[in-house]
Protein chains: 2
Amino acid sequence: MKVALVGIGKIARDQHVPALAASGDWELAATVSRAGTVEGVEAYTDFAAMLAARPDIPMVSLCLPPMPRFAYAEAALKAGRHVMLEKPPGATLAEVHALEALAAAQGLTLYATWHSRMAEAVAAAKAWLSDRVVRRAHITWREDVRKWHPGQDWVFEPGGMGVFDPGINALSILTEILPAPVHVTAATLEFPENRDTPIAAQITFSGGVSADFDWRQEGPQTWDIEVETDKGPMALRMGGNRLEIGGVEAGGVNSIMGEYPALYAQMAALVRAGRSDVDLSPMVHVADALTLGKRVVTAPFHF
Amino acid sequence: MKVALVGIGKIARDQHVPALAASGDWELAATVSRAGTVEGVEAYTDFAAMLAARPDIPMVSLCLPPMPRFAYAEAALKAGRHVMLEKPPGATLAEVHALEALAAAQGLTLYATWHSRMAEAVAAAKAWLSDRVVRRAHITWREDVRKWHPGQDWVFEPGGMGVFDPGINALSILTEILPAPVHVTAATLEFPENRDTPIAAQITFSGGVSADFDWRQEGPQTWDIEVETDKGPMALRMGGNRLEIGGVEAGGVNSIMGEYPALYAQMAALVRAGRSDVDLSPMVHVADALTLGKRVVTAPFHF
């Protein structure tokens, strides 16, 4: 099946293009981007022009930033194309609800992807937790925004989510593996004095769960979820790719490169089954933290 | 049917107690409050004690502030009582989703009330708009926080929602009357430099819809929704209680005193039908505005 990839930036080059090149389900047939192109693939700069010229492409994968994404997704669904959304699936919850209703009305697949849920050890962690009682869980998600979003000012603009852009990956794993749902009960949000979104956040959830998100970590990066249960501790490290049980390595890989191939395989399965998959629970936690968080102003941030 | 009223503050005295006194469905059988009481009604200060002592009371109406509300609602549902929630139904979306699941599992009624939807002219406005195309709509919701929440610091604390506490009333009407849903596309949030929640907000939605919320309006108060359609203008004034069509008065009342009696009548109907009613769309718009809003710091606010 042919796919058009929209938004040829860092995440497209790092993940989507290699995943599509290795896919047995999908063929990258067109790109749409103001400036980016992929060698050997027909390149458009105008989305409407691509939709009009290429009725043979049944699926559009959107990896442009969240703020403009809704307009593209709506146009693609109205033009009869299945749609795959990078995370977060939109700038607001209401716009994704609207897309979900539109996809259902059109009989099309909408897939709100969460790439970290496809990390190597997530399914094993979920299975291990399924018959255990969670006493406490703590997320530590500390990375260097200069390394992962070099010069990308949009992450600090309204709608860019700030440190919740990586943090939502942790929340997508948390909401997948916990045997019972939790909700935010308190949060502290650190806003750089020259920016509109937080650079760090400490969140308390019900059920003994907490999270520490920070975008100022230089040197080694940390993407850990540590869980204490009635039958001992479990940890996910490397963004869900490595599993530890009782403090001992229990499998996984030291790579995140399996996540996007798994997303595209799942999209193929959804299209074939005529189903959608839109789980907004990670984004609900972000909205809840931003709704009830205490705001603290911190040092200005410059790339 | 007997009801216990929890949180005997301003809204309980102004609205809930008179509505229950006039109700043919409900009898106010107990109150729970740290300090407030209602003359002639058995008063508890401890919620668990009331639940244990009064198994004859099948319904609990919660009108305490949103931050502590979840714990009360969860305890009531676990104790087998139907629950009615003041607006907003919680401090987070996720906690209300959890309550909804719990009520369904328990076979109990959960009613997330929106009193402004019961305003006199809302149903007529919805019917009038149902076969029209909305070109533009503008909400003006400007009131004096000192008049409506005298000394209530909790409205400015994290989770208190700030100016969205009244603004969500407008959004509950908007989401009820519009023939097609809209979503927030931009917002400016004015935070007093000594407070954690906004005192004013300007919101842009899709579909030509906008809102102006302000809690600093002295003198006459404004609660208007003005809509331009393909067949002329319509306006709701007085918080949805008066209707204007084509610039001419078209019915309604100059009072908000019909809203809470209508909520309690609806709760009785839901309990009898064994159904719940939990529509979070007004709260989703608030969370979305707080997620993607641009933050502006404004003058400190003191009661």
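Residues numbered from 1 in each chain as written. Chains lettered and ligands numbered in written order. Predicted model: local features only at pLDDT ≥ 70, side-chain atom pairs only at ≥ 80, totals over all residues. Heavy atoms only, no water.

Where an unreviewed UniProt entry is consulted, chain A appears under the name Gfo/Idh/MocA family oxidoreductase, with the organism given as Paragemmobacter straminiformis.

A look at the overall build of chain A
Short version of the rule: Numbering of helices and strands starts at the N terminus; helices are DSSP runs of H or I of at least 4 residues and strands are runs of E of at least 2. Restricting the calculation to C-alpha atoms gives the radius of gyration, and the globule rule supplies 2.2 Å times the number of residues raised to the power 0.38. By definition, residues are in contact when any of their heavy atoms lie within 4.5 Å.
Regarding its fold elements, chain A presents nine helices and 15 strands. Taking 303 residues into account, the globule formula puts the C-alpha radius of gyration at 19 Å, and chain A, at 19 Å, falls close to it. On the principal axes, the C-alpha backbone points of chain A span a range of 55 × 45 × 35 Å. Of the contacts formed within chain A by residues at least 6 apart in sequence, a portion of 71% connects residues at least 24 apart.

Looking at the relation of the copies chain A and chain B
Here is the rule: The superposition of copies rests on a least-squares fit of C-alpha positions from residues with pLDDT of 70 or more in both.
Structural alignment of chain A on chain B gives an RMSD of 0.0 Å, achieved by rotating through 180° and translating 0.0 Å along the axis. Read as a symmetry element, the transformation amounts to a two-fold axis. When each C-alpha of chain A is compared by its distance to the rotation axis, alanine 287 of chain A comes out closest, at 2.7 Å. Mapped onto chain B, 100% of the interface residues of chain A again fall at the interface, so both copies present the same surface.

Some remarks on the packing of helix α1 (residues 10–21) of chain A against helix α8 (residues 259–273) of chain A
All names here are of chain A. For the record, the criterion: In this analysis, axes come from line fits to C-alpha atoms, helices being fitted only over the stretch in contact, and the angle between any two N-to-C directions falls in the range 0 to 180 degrees. Oblique is the label for every angle not falling under 35 degrees (roughly parallel), over 145 degrees (roughly antiparallel), or within 65 to 115 degrees (roughly perpendicular). Note on convention: near helix rotated counterclockwise from far helix by under a right angle means a left-handed crossing. Clockwise means right-handed. Residue classes follow a fixed rule: Ala, Val, Leu, Ile, Met, Phe, Trp, Tyr, Cys and Pro count as nonpolar, while Asp, Glu, Lys and Arg count as charged, and any other residue, Gly among them, counts as polar.
The contact between α1 and α8 brings their axes to 8 Å, and the two run at 55°. Taken together, the axes of α1 and α8 are oblique relative to one another. Of the two possible hands of crossing, α1 and α8 adopt the one that is right-handed. Touching Ile11, Gln15, His16, Ala19 and Leu20 of α1 are Tyr260, Pro261 and Tyr264, all from α8. Each residue belonging to the contact of α1 with α8 can be placed in one class, and the counts come to six nonpolar, two polar and no charged.

A short note on the sheet that holds strand β4 (residues 59–62) of chain B
Residue and element names in this part refer to chain B. To be explicit about the condition: When DSSP finds at least two bridges between two strands, those strands are taken to pair.
In space, the six strands of this open sheet follow the order β3-β2-β1-β4-β5-β6, with parallel pairing throughout. Bordering the open sheet on either side are β3 (42–44) and β6 (110–112), each of which pairs with just one other strand. Taking the axes of each pair of neighbouring strands and ignoring which way they run, one obtains an average angle of 20° across the sheet. Looking at chain direction, β4 and strand β5 (residues 82–85) are connected through four bridges and run parallel. Considered in β5, the bridge of valine 60 is made with valine 83. The strands touched by helix α1 (residues 10–21) are β1 (2–6), β2 (27–32) and β4; relative to β1, the strand with the most contacts, the crossing angle is about 175°. Sheet strands in contact with helix α8 (residues 259–273) are β1, β4, β5 and β6, and its direction is about 150° off that of β5.

Regarding α1 of chain B
Residues and elements named next belong to chain B. Counted only if it meets this: In this scheme, a helix's expected span is set at 1.5 Å multiplied by one less than its residue total. For the exposure calls, accessible area comes from a 1.4 Å probe over protein chains only, and a residue counts as buried if that area is under 20% of its type's maximum, exposed if over 50%, partly exposed in between.
With 12 residues, α1 extends 16 Å between its outermost C-alpha atoms, agreeing within 8% with the 16 Å of an ideal straight helix rising 1.5 Å per residue. Along α1, the positions that sit buried rather than exposed are Ala12, Gln15, His16, Val17, Ala19 and Leu20. Those residues of α1 that are buried are in contact with β1, β2, β4 and α8.

Structural notes on the interface of chain A and chain B
Applied cut-off: We define buried area as the total accessible area lost by two parts upon association, computed with a 1.4 Å probe and summed across both. Here a salt bridge means any side-chain nitrogen of Lys or Arg lying within 4 Å of a carboxyl oxygen belonging to Asp or Glu. Any pair of nitrogen or oxygen atoms within 3.5 Å is treated as a polar contact; in protein, a donor-acceptor pairing is required on top of that, and neighbouring residues in sequence qualify only through side-chain atoms on both sides.
Counting from both sides, the interface comprises 25 residues of chain A and, opposite them, 25 residues of chain B. Of the roughly 2300 Å² buried where chain A meets chain B, counting both sides, 64% is carbon and sulfur surface. The interface formed by chain A and chain B includes two salt bridges. Residue lysine 294 of chain A is joined to aspartate 196 of chain B by a salt bridge in which the shortest nitrogen-to-oxygen separation is 2.8 Å. At the boundary of chain A with chain B, the tally comes to six residue pairs in polar contact (both at pLDDT 80 or more). Every element with two or more residues in the side of chain A that touches chain B is listed here: α3 (66–78), α4 (93–106), β8 (184–192), α9 (281–292) and β15 (294–298) of chain A. Tallying contributions element by element places α9 of chain A first for the side of chain A that touches chain B, with seven residues. For the side of chain A that touches chain B, the per-class residue count stands at 13 nonpolar, seven polar and five charged.

Quick word on the nonpolar core
What counts is decided by this rule: What makes a nonpolar core is a set of buried Ala, Val, Leu, Ile, Met, Phe, Trp, Tyr and Cys residues whose side-chain atoms join them at distances within 4.5 Å.
Grouped together as the largest cluster of nonpolar side chains are 166 residues, with contacts concentrated most on Phe213 of chain A together with Phe213 of chain B. Those residues in contact with phenylalanine 213 of chain B, other than ones at most four positions away along the chain, are Ile139, Trp141, Val163, Phe164, Gly167, Ala170, Leu171, Ala200, Ala201 and Ile203 of chain B.

Brief notes about helix α4 (residues 93–106) of chain B
An ideal rise of 1.5 Å per residue puts 20 Å on 14 residues; α4 of chain B measures up with 20 Å between its terminal C-alpha atoms. Those residues of α4 of chain B that fall on the buried side of the exposure criterion are Leu93, Ala94, Glu95, Val96, Leu99, Leu102 and Ala103 of chain B. Looking at the packing, one finds that the buried side of α4 of chain B touches α4 and α9 of chain A together with α3 (66–78), β5, β6 and α9 (281–292) of chain B. Here α4 of chain B starts with a cap whose side-chain oxygen sits 3.1 Å from the backbone nitrogen of glutamate 95 of chain B, and that cap is threonine 92 of chain B. Backbone geometry just after α4 of chain B places glycine 107 of chain B at a positive phi near 70°.

Focus on the packing of aromatic side chains
All names here are of chain A. The condition that has to hold: Within 6.5 Å between ring centres, the rings of Phe, Tyr and Trp (the latter by its six-membered ring) count as paired, and their orientation is classed by plane angle as stacked under 30 degrees, edge-to-face over 60, tilted in between. In this scheme, the term charge over a ring applies when either NZ of a lysine or CZ of an arginine sits within 6 Å of the ring centre and within 35 degrees of the ring normal.
Per the stated rule, a full pass over the model turns up 14 aromatic pairs over all chains. Residues phenylalanine 301 and phenylalanine 303 carry aromatic rings whose centres are separated by 5.2 Å and whose planes lie at 85° to one another, so their mutual orientation is edge-to-face. We classify phenylalanine 303 as partly exposed; its relative accessible area is 32%. Directly above the ring of tryptophan 148 sits lysine 147, whose terminal nitrogen or CZ lies 5.0 Å from the centroid.

So, the pairing of strand β8 (residues 184–192) of chain B
Regular strands have side chains that alternate between both faces of the sheet. Residues and elements named next belong to chain B. Of the strand pairs in this sheet, β8 and strand β9 (residues 200–205) are connected by six bridges, and their pairing is antiparallel. Residue pairing in the sheet places leucine 189 in a bridge with alanine 201 of β9. Note: β8 against strand β15 (residues 294–298), five bridges, orientation parallel. Along β15, the bridge assignment pairs threonine 188 with lysine 294.

Thoughts on the domain arrangement of chain A
The accessible area lost on association of the parts is a frequent measure of interface size. All names here are of chain A. We count it as follows: As used throughout, domain bounds are those supplied by an automatic or database domain assignment.
Along its sequence, chain A is carved into domain 1 (2–112) and domain 2 (116–254 + 287–298). Computed from C-alpha atoms alone, the centre-to-centre distance between domain 1 and domain 2 is 27 Å. Taken together, the eight residues of domain 1 in the interface contact 13 residues of domain 2. Where domain 1 abuts domain 2, roughly 780 Å² becomes buried across the two surfaces, and 67% of that area is made up of carbon and sulfur atoms. As a salt-bridge pair, aspartate 165 and lysine 87 come within 3.7 Å of each other at their nearest N and O atoms. Connecting domain 1 to domain 2 are two residue pairs in polar contact (both at pLDDT 80 or more).

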